[in-house]
Each structure stands twice: as structure tokens, then as C-alpha cells.
Amino acid sequence: MFTLPQKEFRMTTACPGSDSIQDLPSNKGDGLERECSRKPDQKLLKFYGVGDPAAELSSSSPYLSSRGSVIKWFWDSAEEGYRTYHMDEYDEDKNPSGIINLGTSENKLCFDLLSRRVSPTAPLSGIPSSKGLSSLGFPGMLPPESRLLASVAPVLESGDPPLPWGPRSLPSGLSQSDMLQVEPALLQYPDWRGHLFLREEVARFLSFYCRSPAPLKPENVVVLNGCASLFSALATVLCEAGEAFLIPAPYYGAITQHVYLYGNVRLVCVYLDSEVTGLETRPFQLTVEKLEMALQGANSEGVKVKGLILINPQNPLGDIYSPGELQEYLEFAKRHELHVMVDEVYMLSVFEESAGYRSVLSLERLPDPQRTHVMWATSKDFGMSGLRFGTLYTENRAVATAVASLCRYHGLSGLVQYQMAQLLRDHDWINQVYLPENHARLKAAHTYVSEDLRALGIPFVSRGAGFFIWVDLRKYLPEATFEEEVLLWRRFLENKVLLSFGKAFECKEPGWFRLVFSDKTHRLHLGMQRVRQVLEGQPQLADGAPPHQIQEPQGPHR
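Just so it is clear, the model here is predicted, and its values are computed rather than measured.

1. Examining the overall build of the protein chain
Helices and strands together make up the secondary structure of the protein chain, namely 15 helices and 14 strands. About 22400 Å² of surface is accessible on the protein chain, with carbon and sulfur atoms providing 53% of the total.

Below, the structure is given as C-alpha cells:
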């Protein structure tokens, strides 16, 4: 989901336990915090920032509580670009002059594969094999994986059952009606953690794809309607109002809303920068030293930090943490008794094998398993952002139970749970059809856009994971300010192409943009054409950035 940035975070100080919101009447605080006299450590301010969204609220509605006013403010300030896009959405036939959306991180490349899998009547024929990527508009880029599908299709059409990978075997023929079964139990109140049959499938699915050293347990699984609900639920059950999580920045900006709107939990940004300081470093690299400085800075302001949020693969950078780095971050958290929320929503969208992705659940030993909580969803890896399915894996039974209690408000219908179990258990289709083709299409689309960027002389960061490229447009800003960044973003929008700008991700350097490439070629071509038109009309203040700022996968980190 595309989000406009919140207004710039102020380096405020917080008094735990106070009961007012700045700029709101004191009797409407409802547990939120106000400023106090403690001063932040000035030496550390460039390394971190403490978020205080309520401080930006200048007025409130007489019809809303203070919380309602903050919630409304988020909507008003954070959805402008997305709403504008939906009012003027590009359609090749009905609205060819509409807005091309290269800002929302959705995979629009594999709907044909998904529709054949989930539809009870769709025939198997038509799975890309001989046409492959050419049918998507990527001529001459058909990879071996797509050619293999021609030999896979007859086997799947035969209706032979897949090799079992669990205690139960159900038919997985893509043309069978296994997705629409209705039983009385599916129409009744479920276990709020999720139906046991689904939690069993999730545990087996994560055991296999996360490569866990031991089978994961269904009793440690909770299912909710998406990762947004998971962030909200975890923040609410792990933190007191006004406490905070550390999060490396830039980060997916909507997490600010996820943890704040219900739980009044704030984020302490661990600022990363594009400068490369040595042969063993890379742009926007997270280190334990930076985590320590941010934690120290938050403590100096009286802000209690309860946890660390890691996104792996990272959004918007597409960065991948090595097993060694993950171990270091988890050891840091253990030293300070911090919870770690690991968002692995892009774990199956790593399309460069050399990237060397490893799930945190693949580590032989978690330093603090009771404080390590992993989330995954189908929204990205399976292109189902509208279906709303997410899952939490935690060995902490108290945390699992508390989150499950909130599933009364964030649960899934029994029918959706059944469909998800059917999809996740179909290993043959996932491994032999969907993942190879999805990775091939992502790689082709990434190649298309990255070559366009090189032709324009635009530096970028991309490491072979996710749906986006982190693009450096700093040389197109007359002044290095976030105001100029927003003006450039508006020029793109006026020219009917939607991007996401850096301040939406709390990037501390003005001029970085996230560009989503997981779309069909005709839309990518038109979108990049519109990007080019805007940039050709912008004066450049400097030559291209140093070569180290263009980074693509060269192999596993360390």
C-alpha cells in the first residue's frame, strides 16, 4: 500500500505516564504522552529519530475522541497519492491517459497462474510454457524455468495426487474444485488462533520454505487478516502506551500507523545512509553499532524501547540480511531484553539465487526464542494483497494467546482458511509451476526497468528481492530538502505516474524514491516513459552518483 509520509518526526522528549497530546486539550489525552524537560543527546540525533505522530495534529473534531482525531489525521495526511490514483486509474482501453501506479508494492505478474489454481472451472491449459514471458510483453526473455512448465502440465492435468508432505493427502489438480468445499464447521465460530487444519498446514509450509532445523509446531501459529493486523496486535500486547520499537530507516512507512493507531506505540528510527565507508560495507547497511546508538539516544530522551522490527527482505531497499547479520541483531536484542518482530513477507520473492536469502527460522539457534516473533503473509509472495491472510509464528505461548484474543477482530472466515490450507499444501504446484514462473517474471521485469534506469544515468540500489528498486534522484532536486522531494513527486503524479518518495519511508536523505517493477510490460513501458518526461524537464545539479551507489546482487553478504 502506498503511503504519503507523515509530517517530519520531531526529536521530542517523552514523559512516560503523562496524559495529554500536544496541541490537543489536556482532558482529551487518553493516555498519550507529552513533552518533558529531558533533553536528547545532541551527538546521537543524526543517528536516530523518535516518532511522535500526535505532535503534528493541529486540530481535532468535536465529534471524535483524541484517538479518533489522530486516526483521521493519518487518513487525511497519508493517503493522498493512493486516493488520487484510484480516482484516475490507468486502463488500457477505458482510461489510457490515467495514472500508472509504480508506487504500490503489489505483484501483478502472476494473476493468470493464481486464477487457474483457485478457480474450480479454469482449465490447466494456458500455463505459460511456449509463450512464457513473451505473452507478458518481455520478448526474447523466456527462461528455462518457463520451458519446463510444458513438461509439467501433462502430469498435473492427469490428476495424479502430489507426493504427500503431511499426514493428509488431498487432490491438487489445478482444475479440481478443491478450493470451494463448504462444511458446517467452516461456517461456525472457529478457534480464534485459526482452524487447526490451517495452522498445521502453515507450520509445515514454514518448516519447508523457511528451512527450519526442526519441524515448526502448529500450537505456535496464529493466523490473522494480514501483516498490518499482526503489527498492530503485537505492538498492543508487547508494549505499554508510549513505548517504542527500534526500526531501521528507510522502512515501509505504514508500519508507523500499524503500531500506533491501536497501541499508541511509537517507532525509533535507526537512520541508515547511502555512504559506503569501506570494502565490506554497502549502502544503507544496518550495524549493531547503529542499533546501540539509537537505543542509547532513545533512552536519553526517556523513551522506553521494548523491541526491534526487522524486515527481511527489506522494504524499500530490497536488502537481504545474511545469517551472520541476523545473529548479531538477535544477540543485540537479547542483551537488552528486546522483543524482535521479523517481517518475512517477501521471503519467496527473492528472484536472484545469488542473493542468498535465509529465514530467521532457519537459524540453528535463536538467541532468545521467547522474544522472537516471525510474520509472513500471502499478499506479496502469492500476489494476494486483497485476500488478507497473515500468520505469526512465536514460541512464546503468552504472546500467541494474547494475539489470538485479538483475532476476534482480525480473524479470517472459515472459507478463506480452508482455501489457504489448500493452497499452502499444494507443494507440487508451488514448486513446479508458481515459484519458477513468478521468479522468472520478476527477474525479467526487474531487468527491463533497471536497464531503463541505466540508460537514463540514474543510480539505484537493488539486490534481487522484492518488487521494487530504490532509486537515487537527488541530482534532480534544486535543493536537498524534503519539500523539493515532494514537489518532484507531485510532478510525477501530474504526469500520470505514481511513485513513492523517500520521506514516506523515513529516509533521512531527500531525493530517494521507490519504484515498483512487478507489473506488465506495457504499463512499465508507459510508466517509465512518463518518468523520463519529468526528469528530462528537470535541471540536474550534479553528475551521477558514485558507482558504489548502484548495487545489485553479487553473492551472499559475508
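2. Examining a negative patch on the surface
A cluster of acidic residues, E89, D91, E92 and D93, forms a negative patch on the protein surface. Structurally, the position occupied by D91 is in the loop between helix 2 (80-87) and strand 2 (100-101). Judged by relative accessible area, D91 falls into the partly exposed class, the value being 30%.

3. Brief notes about the nonpolar core
Soluble globular proteins tend to pack their nonpolar side chains together in the buried interior. Judged by nonpolar contacts, the single largest core of 149 residues is most densely connected at F205, L246, I255, F382 and F492. For this core, the element with the highest residue contribution is helix 13 (residues 427-456), accounting for 10 residues. Filtering out sequence-adjacent residues up to four positions away, I255 remains in contact with F231, I247, L267, I309 and I311. L57, V70, F74 and Y260 belong to the second largest nonpolar core, which has six residues in total.

4. Digging into the packing of helix 8 (residues 288-300) against helix 9 (residues 323-335)
Across the interface, helix 8 lies against helix 9 with an axial gap of 10 Å and an inter-helix angle of 30 degrees. Relative to helix 9, the element helix 8 is oriented roughly parallel. Where helix 8 crosses over helix 9, the handedness of that crossing is right-handed. Together, V288, L291, E292 and L295 of helix 8 and E328, Y329, F332 and R335 of helix 9 make up the contact between the two elements. For the contact of helix 8 with helix 9, the per-class residue count stands at five nonpolar, no polar and three charged.

5. Describing the confidence of the model for the protein chain
Per-chain confidence: the protein chain averages 82 in pLDDT, with 78% of residues scoring 70 or above. With pLDDT under 50 throughout, residues 138-176 is counted as low confidence; its partners more than four residues away or in other chains account for 83 contacts. In this model residues 552-558 is a low-confidence stretch, pLDDT under 50, and it forms 22 contacts with partners more than four residues away in sequence or in other chains.

6. Some details on the pairing of strand 6 (residues 305-311)
Most of strand 6 sits inside the fold, with seven of its seven residues counted as buried. Judged from the three bridges that link them, strand 4 (residues 244-249) and strand 6 form a sheet pairing that is parallel. Counterpart to F245 in the pairing with strand 6 is G307. Note that strand 6 and strand 7 (residues 339-343) share five bridges and pair parallel. Across the sheet, L308 pairs through a bridge with V340, a residue of strand 7.

7. A word on the sheet that holds strand 7
Taking strand neighbours across the sheet as the criterion, the eight strands line up as 1-5-4-6-7-8-9-3 in an open arrangement whose pairing is mixed. The sheet is open, and its two borders are formed by strand 1 (48-50) and strand 3 (221-224), each paired with just one other strand. Taking the axes of each pair of neighbouring strands and ignoring which way they run, one obtains an average angle of 25 degrees across the sheet. Across six bridges, strand 4 lies against strand 5 (residues 266-271) in parallel orientation. The residue bridging F245 from the neighbouring strand is L267, located in strand 5. Taken strand by strand, helix 6 (residues 227-238) contacts strand 3, strand 4, strand 6, strand 7, strand 8 (372-377) and strand 9 (390-394), and its axis lies near 160 degrees from that of strand 8.

8. Here we look at unusual backbone geometry
Peptide bonds are mostly trans, and most non-glycine residues show a negative phi. The omega torsion across A249 and P250 is 15 degrees, close enough to zero to call that bond cis. Assignment of secondary structure puts P250 in the loop between strand 4 and helix 7 (255-260). With omega at 25 degrees, the peptide bond leading from N315 into P316 counts as cis. Tracing the sequence through the fold places P316 in the loop between strand 6 and helix 9. Phi is positive for R211, close to 55 degrees, though the residue is something other than glycine. Position of R211 relative to the elements: it lies in the loop between helix 5 (196-209) and strand 3. Despite not being glycine, E337 has its phi angle at roughly 55 degrees, a positive value.

9. Details of the pattern of salt bridges
Per the stated rule, a full pass over the model turns up 25 salt bridges. The shortest N-O distance in the salt bridge between R335 and E292 comes to 3.1 Å. Of the two residues, R335 is situated in helix 9 and E292 in helix 8; the sequence distance between them amounts to 43 residues. Judged by its relative accessible area of 25%, E292 falls in the partly exposed class.

10. Remarks on the packing of helix 5 against helix 13
At a minimum axis separation of 12 Å, helix 5 and helix 13 run at an interaxial angle of 45 degrees. In terms of axis orientation, helix 5 runs oblique to helix 13. As helix 5 runs across helix 13, the sense of the crossing is right-handed. Here F205, F208 and Y209 of helix 5 lie close against helix 13, whose contacting residues are H427, I430, N431 and L435. Across the contact of helix 5 with helix 13, the residue classes tally to five nonpolar, two polar and no charged.

11. Let's talk about helix 6
End to end, helix 6 covers 16 Å across 12 residues, agreeing with the expected 16 Å (1.5 Å per residue, within 8%). When helix 6 is considered as a whole, its buried residues turn out to be C227, S229, L230, F231, S232, A233, L234, A235 and L238.

12. Topic: the environment of T236
Following the sequence through the fold, T236 ends up in helix 6. Each C-alpha atom of the pair T236 and Y262 lies 6.9 Å from the other, and the pair is 26 residues apart in sequence. Other than its neighbours up to four places away in sequence, T236 contacts Y262, G263 and L406. At 2.8 Å, the side chain of T236 and the backbone oxygen of S232 are in polar contact.

13. Some words on the environment of E301
The topology assignment puts E301 in the loop between helix 8 and strand 6. Sequence separation between E301 and V50 is 251 residues; the distance between their C-alpha atoms is 8.8 Å.

14. Focus on the pairing of strand 8
Across the six residues that make up strand 8, a large majority, six, are buried. Here strand 8 shows a buried face lined by T372, V374 and W376 and a second buried face lined by H373, M375 and A377. Bridging between strand 7 and strand 8 involves four bridges; their strand directions are parallel. Within the sheet, the bridge partner assigned to M341 lies in strand 8 and is H373.

About the criteria used
- Residues numbered from 1 in each chain as written.
- Predicted model: local features only at pLDDT ≥ 70, side-chain atom pairs only at ≥ 80, totals over all residues.
- Heavy atoms only, no water.
- Helix = DSSP H or I, 4+ residues; strand = E, 2+ residues; numbered from the N terminus.
- Areas by Shrake-Rupley, 256 points an atom, 1.4 Å probe, with all protein chains shown as cover.
- Patch = residues over 30% accessible without salt bridge, like charges linked within 9 Å, V, L, I, M, F, W, Y side chains within 5 Å.
- Salt bridge = Lys/Arg side-chain N within 4 Å of Asp/Glu carboxyl O.
- Lys, Arg positive; Asp, Glu negative; His and termini not counted.
- Charge placed at Lys NZ, Arg CZ, Asp CG, Glu CD.
- Buried < 20%, exposed > 50% of the residue type's maximum accessible area, 1.4 Å probe, protein only.
- Core = buried A, V, L, I, M, F, W, Y, C linked by side-chain atoms within 4.5 Å.
- Contact = heavy atoms within 4.5 Å.
- Axes fitted to C-alpha atoms, helices over the stretch in contact; angles between N-to-C directions.
- Parallel < 35°, antiparallel > 145°, perpendicular 65-115°, else oblique.
- Left-handed = near helix turned anticlockwise from the far one by under 90°.
- Nonpolar A, V, L, I, M, F, W, Y, C, P; charged D, E, K, R; others polar.
- pLDDT = per-residue confidence, 0-100.
- Pairing = 2+ DSSP bridges.
- Expected span 1.5 Å × (residues − 1).
- Polar contact = N/O pair within 3.5 Å; in protein donor to acceptor, adjacent residues only side chain to side chain.

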